[in-house]
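Each chain, written out:
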Amino acid sequence: MQIKRRDFLKASVAVGGAAVLGGCTLNALTSGKDDQIGKGGTQPGTWIPTACQGCTTWCAAEVFVQNGRAVKVRGNQLSKSVSGQVCPRGHLILQQLYDPDRIKVPMKRTNPQKGRGIDPKFVPISWDEALATAIAHVVLTEGLWSKEFVGDFKDGKNLFQAGQTVDEAAFQEKETHGLVKWWNLELKDRTPEWAEKVTLIPKDQIIRVAKGMGKAAPHVIVWLGPGPVMSPRGAYTSTAIHALNGLLGSVDNEGGTLRDSKVPSAGAPKFDAYVDEIAKAGGKNKKIDQRGTKAFPAMASGKPGSGVVTNNVANAVLANDPYDIKVAIGYWNNFAFSCTGADRWEKAMAKIPFFVHIVTNPSEMTQFADVVLPAAHHATEKLAFLKSKANLYASMPLCLYVHPAASGEKAVGHQGGRDRDLLASGREVKG
Ligand code: SF4
């Protein structure tokens, strides 16, 4: 896939936009239009079922394969949970699969000088925060917020005008907290014109989407899956997403954030038979993140020690408590970059005598490895079943697409239904 730099930047921005728009610009990311793909187009191909594992929502997805090459991702068309959609992170399966050197955060150049040895002075692009705030700005100035959930001005007159502060006492809030404060501190200046400059998404599109969402409210949702937020500074994206859902009253409404259901996994084979005695005994030992101690009770489901305290592992390693760790294995992680207090991780990783890193791309944490092993991408190079639930439906997506790079065979899928059937039956699949 040859992508020009400008096209890539546009796609990056589109990802950010879609992260809060619930998937409305997804096709901009992929090669070809839907009506060309799956209906013949220039080359034959096959949609292969899988599950996106960009986050732990594990949405049912499909990958379109032409000549053994994955060219497009979409939600599973039969899924009532995801209604044929995946979030922007799901579409990035292709970039994860093919990029030789993954880019970790969107960045832009601030130094106009170009040339060998000149620092581009890259800075992160804050498209996610920018676009969320701009949509909220339009929703408020157009009077489209959920009066039932958010509340209203005491005299019924909308005082939200661009650039103008509002008296907090003039607004009677219901289920939200601090809306007028948010407007005065942040939203009043976050116009669509401002957001267009930051995100490169046209202001007319932002206004159209905001009005559409306001019209559909409260039966509207800004994508809640961890996908949009499991990234550096994702807490800000998460905050923006939840604030928008609150503003639109989508909380606990059908078509909104309602998702409760049970995954029908009772009949799935148990893996207990594959846990050997060493693993069974080890599972009862103290955990290296100090969970269950008074300092880190880590209550999950009301049980002390049942939660995980990943970022405390560095402290525990440095303190030799509960163990003086001699050997460690890291899988798909980069704590020396992604955790707060990353310098603790660097010291801790330097202290461990032997570290094996299993990853798809080299990262900061890999620099401390004694042995590096290649990892497979879950959605496209491994077989698995997962649990997922959304929109009152539950499902167990099966990951069937195995990329030839992982299977060691010629491409699956490019011969149509035959390969798909073989994959579904579990035969002839290696790797
Ligand atoms: S929400 Fe998670 S599992 Fe679903 S498409 Fe996005 S990244 Fe993939």
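Since the structure is predicted, the reported quantities are computational estimates derived from the model, not experimental observations. (Residues numbered from 1 in each chain as written. Predicted model: local features only at pLDDT ≥ 70, side-chain atom pairs only at ≥ 80, totals over all residues. Heavy atoms only, no water.)

1. Describing the overall build of the protein
The condition is simple: Secondary structure counts use DSSP, requiring at least four H or I residues in a row for a helix and at least two E residues in a row for a strand, with both numbered from the N terminus. Burial here depends on accessible area, computed with a 1.4 Å probe over protein chains only, as a share of the maximum for the residue type. Under 20% is buried, over 50% is exposed, and the range in between is partly exposed. Each accessible area is a Shrake-Rupley estimate made with a 1.4 Å probe; only the visible protein chains count as cover when residues are assessed.
Assigned secondary structure in the protein consists of 16 helices and 14 strands. Buried residues in the protein amount to 42% of all 431 residues. Carbon and sulfur atoms provide 55% of the accessible area of the protein, an area that totals close to 23,600 Å².

2. What about the sheet that holds strand 10 (residues 371-374)?
We count it as follows: Note on pairing: two strands pair once DSSP finds at least 2 bridges between them. To obtain an axis, a line is fitted to C-alpha atoms, over the contacting stretch when the element is a helix, and the angle between two such axes runs from 0 to 180 degrees between their N-to-C directions.
Strands sit in the order 8-9-10 across an open sheet of three strands; the sheet is parallel. Edge positions in the sheet fall to strand 8 (327-331) and strand 10, since each of these pairs with one other strand and no more. Shown here is a sheet whose adjacent strand axes are inclined to one another by a mean of 15 degrees, direction ignored. Two strands pair when backbone bridges link them, and strand 9 (residues 354-359) and strand 10 are joined in this way by four bridges, in the parallel orientation. Within the sheet, the bridge partner assigned to His357 lies in strand 10 and is Val372.

3. Regarding the packing of helix 7 (residues 192-199) against helix 8 (residues 203-216)
What counts, and what does not: Orientation labels follow simple angle bins: below 35 degrees gives roughly parallel, above 145 gives roughly antiparallel, 65 to 115 gives roughly perpendicular, and whatever is left gives oblique. In this scheme, a crossing is called left-handed if the near helix is turned counterclockwise away from the far one by less than a right angle; it is called right-handed if the turn is clockwise. Any pair of residues with heavy atoms lying within 4.5 Å of one another is described as a contacting pair. Gly is put with the polar residues, along with every residue not named as nonpolar or charged; the nonpolar set is Ala, Val, Leu, Ile, Met, Phe, Trp, Tyr, Cys and Pro, and the charged set is Asp, Glu, Lys and Arg.
Helix 8 packs onto helix 7 with a crossing angle of 120 degrees between their chain directions and a minimal axis gap of 8 Å. Overall, the two elements helix 7 and helix 8 adopt an arrangement that is oblique. At the point where helix 7 passes helix 8, the crossing takes the right-handed sense. Residue-level inspection shows Pro192, Glu193, Ala195 and Glu196 of helix 7 in contact with helix 8, the latter providing Lys203, Ile206 and Ile207. Its residues placed into classes, the contact of helix 7 with helix 8 shows four nonpolar, no polar and three charged.

4. What to know about the site of the ligand
How we decide: Here a residue is near a molecule or strand as soon as one of its heavy atoms is found within 4 Å of it.
In the neighbourhood of the ligand, 11 residues make up the surrounding shell, with Cys52, Cys55, Cys59, Cys87 and Trp223 lying closest. In the shell around the ligand, the residues fall into seven nonpolar, three polar and one charged.

5. Examining the pattern of salt bridges
This is how the line gets drawn: For this analysis, a salt bridge means a side-chain nitrogen from Lys or Arg found within 4 Å of a carboxyl oxygen belonging to Asp or Glu.
Inspection of every chain in the model, using the stated rule, returns nine salt bridges. Ionic pairing is found between Lys181 and Glu168, a salt bridge with its closest N-O pair at 3.6 Å. In this pair, Lys181 sits in helix 6 (residues 179-185) while Glu168 sits in the loop between strand 6 (151-153) and strand 7 (171-173), placing the two residues 13 residues apart along the sequence. The exposure class assigned to Lys181 is partly exposed, which follows from its relative accessible area of 44%. A salt bridge links Asp324 to Lys326; the shortest N-O distance between them is 3.0 Å. By relative accessible area, which is 49% here, Lys326 ends up partly exposed. Residues participating in the shared-partner salt-bridge network are Asp324, Lys326 and Lys351.

6. Quick word on a nonpolar patch on the surface
Threshold: Each patch is built from residues lacking any salt bridge and having more than 30% relative accessible area; the joining distance is 9 Å for like charges and 5 Å for nonpolar side chains (Val, Leu, Ile, Met, Phe, Trp, Tyr).
Nonpolar side chains collect at one region of the surface, where Val327, Phe354, Val371 and Leu373 lie side by side and expose about 310 Å² of accessible area between them. Position of Phe354 relative to the elements: it lies in strand 9.

7. Description of the confidence of the model for the protein
What counts here: Each residue carries a pLDDT score, the predictor's own confidence in it, on a scale running from 0 to 100.
Of the residues in the protein, 74% have a pLDDT of 70 or more, and the chain-wide mean is 75. Of all secondary-structure elements in the protein, the lowest mean pLDDT belongs to helix 16 (residues 417-425), at 30, while helix 11 (residues 313-318) reaches the highest, 96. Every residue in residues 1-40 is under pLDDT 50, and counting partners more than four places away or in other chains gives 66 contacts.

8. A closer look at the pairing of strand 8
On strand 8, burial follows the alternation: Ala328 and Gly330 on one face are buried, whereas Val327, Ile329 and Tyr331 on the facing-out side are not. Where strand 8 and strand 9 come together, five bridges link them in parallel fashion. Counted as the bridge partner of Gly330 is His357 from strand 9.

9. Let's talk about helix 13 (residues 342-351)
What counts, and what does not: Taking the helix axis as origin, the arc is that swept by the directions to the C-beta atoms.
Residues of helix 13 that are buried: Arg344, Trp345, Ala348 and Met349. Projected onto a plane normal to the axis of helix 13, the buried residues spread over an arc of 130 degrees and lie on a single side. Exposed positions of helix 13 whose direction lies more than 90 degrees from the buried face are Lys347 and Ala350. Summarising the contacts, the buried residues of helix 13 are in contact with helix 11, helix 12 (335-338) and strand 9.

10. Structural notes on the nonpolar core
Counted only if it meets this: Side-chain atoms within 4.5 Å are what join buried Ala, Val, Leu, Ile, Met, Phe, Trp, Tyr and Cys residues into a set we call a nonpolar core.
Grouped together as the largest cluster of nonpolar side chains are 33 residues, with contacts concentrated most on Ile135, Leu140, Trp145, Phe160, Phe171 and Leu247. Contributing elements (two or more residues each) for this core: helix 4 (127-141), helix 5 (147-150), helix 6, helix 8 and helix 9 (234-247). Here this core takes eight residues from helix 4, the largest share from any one element. Not counting chain neighbours up to four residues away, the residues in contact with Leu247 comprise Ala136, Val139, Leu140, Trp145, Ser146, Val150, Leu179 and Trp182.

11. Focus on helix 7
Of the residues making up helix 7, those classed as buried are Pro192, Ala195 and Thr199. Looking down the long axis of helix 7, one finds its buried residues gathered within 55 degrees of arc, a one-sided arrangement. Just past helix 7, the residue Leu200 takes up positive phi, approximately 70 degrees.

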